[in-house]
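Examination of the molecular architecture
Each chain is listed here by its residues.
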Amino acid sequence: MRVNLLKDLPIFSTLALCLLFLPISTSMAPPSLTPSPSPPMTTSDMRFGKFLIPSPHIFYRTQLSAAFVNLRPIVPGHVLIMPERIVATMEELSEEEYLDMWKSVRTVQRILKRHYSDTTAFNVAVQDGRAAGQSVPHVHVHVLPRKGGDFERNDDVYEELEQWAPRDELRETKMSGSIDVPDDENR
C-alpha cells in the first residue's frame, strides 16, 4: 500500500486550472495529459482507459487498485479509485479485484477525512457502463467528501454529477489545442 499526500490537500479546489490530474507531490506544476499512445510507462504508472496516469499522481495504491485526483472535481477532494486491470464494467472484475477496489474506497475515505476534517459524509458513485454515463471505459468509483452546506440544497450534488462536464477553463484549453483530450466516444 502506498499513501503519498500533499501536506495541504485543500489544493484540490484549484483543480479547475490543472490540465488533468494534480500531481500528489510538493510541486504545484500541473502535469500534461498524455493519452495513448504515449511515452513508455514506468512500472508504477497506470492506465485509466487510454490515459496514462504517472505514478506521482497516484496517492494510494494496492496490488490491484489505485486512487488519484479527479480531472473534473465536483467538490474539493473528489477522487477516483480504479482497478489496475482495464475493464469497462464491474461484472468483468474478478472477485479479488472487486473486493480490493471497495476496500480501497473505504481506505481512501479515511485518508480524505483526515485531510478534510470538516467532512461529515461522502458520496460514493459508480457509472457502470456507457449508458450509465461512464465517460472512460474503465471501472472507477467517484468518492466525494461532503460537509453540511457545501451545496445550497443537499440533492444538488446529484445534478452536478449528472451535468458533470469540464470546467470552462478546461474546455477552452482543449479547444486551444494545448491539451489532447479525446471526445467521449474515443475514450
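A short tour of the structure in this document, coming up. Remember, it's a predicted structure, so these values are computed and weren't measured experimentally.

Reading the values: the criteria
- The residue count restarts for each chain, going from 1 along the sequence in the order it is written.
- Residue-level local features of this predicted model are given only where pLDDT is at least 70; pairs of side-chain atoms are given and counted only at 80 or more, and the full residue set underlies all totals for whole chains, interfaces and linings.
- Computation of side-chain values: all heavy atoms of the structure, hydrogens and water removed.
- For Phe, Tyr and Trp, rings pair up if their centres lie within 6.5 Å, where Trp contributes its six-membered ring, and each pair is then called stacked (planes under 30 degrees apart), edge-to-face (over 60) or tilted (otherwise).
- Each helix is a run of H or I in the DSSP string that is no shorter than four residues. Each strand is a run of E no shorter than two, and both are numbered from the N terminus.
- For the exposure calls, accessible area comes from a 1.4 Å probe over protein chains only, and a residue counts as buried if that area is under 20% of its type's maximum, exposed if over 50%, partly exposed in between.
- Take the buried Ala, Val, Leu, Ile, Met, Phe, Trp, Tyr and Cys residues and link them wherever side-chain atoms come within 4.5 Å; each set so joined is a nonpolar core.
- Contact definition: two residues touch when any of their heavy atoms are within 4.5 Å.

1. Describing the packing of aromatic side chains
A full pass over the atoms with the stated rule returns two aromatic pairs. Where Phe-48 meets Phe-68, the ring centres are 5.3 Å apart and the plane angle is 65 degrees; that geometry is what we call edge-to-face. Taken together, the residues span a long stretch of sequence, with Phe-48 in strand β2 (residues 46-48) and Phe-68 in strand β5 (residues 65-69) at a distance of 20 residues. Like Phe-48, the residue Phe-68 is buried in the burial classification.

2. Quick look at the environment of Phe-48
On the basis of relative accessibility, which here comes to 5%, the residue Phe-48 falls in the buried class. Counting along the chain gives 88 residues from Phe-48 to Val-136, while the straight-line C-alpha distance between them is 7.6 Å.

3. Digging into the nonpolar core
The biggest cluster of nonpolar side chains holds 17 residues, and the ones touching the most others in it are Val-79, Ile-81, Met-101, Val-108 and Val-143. For this core, the secondary structure elements donating two or more residues are β4 (58-61), β6 (79-83), α1 (95-115) and β8 (141-146). Ranked by residue count, the leading element in this core is α1, at five residues. In contact with Ile-81, other than residues within four places in its own chain, are Ala-66, Ala-67, Met-101, Ser-104, Val-105, Val-108, Val-139, His-140, Val-141 and Val-143. Ranked by size, the runner-up nonpolar core spans ten residues in total, among them Ile-58, Ala-66, Leu-80 and Met-82.

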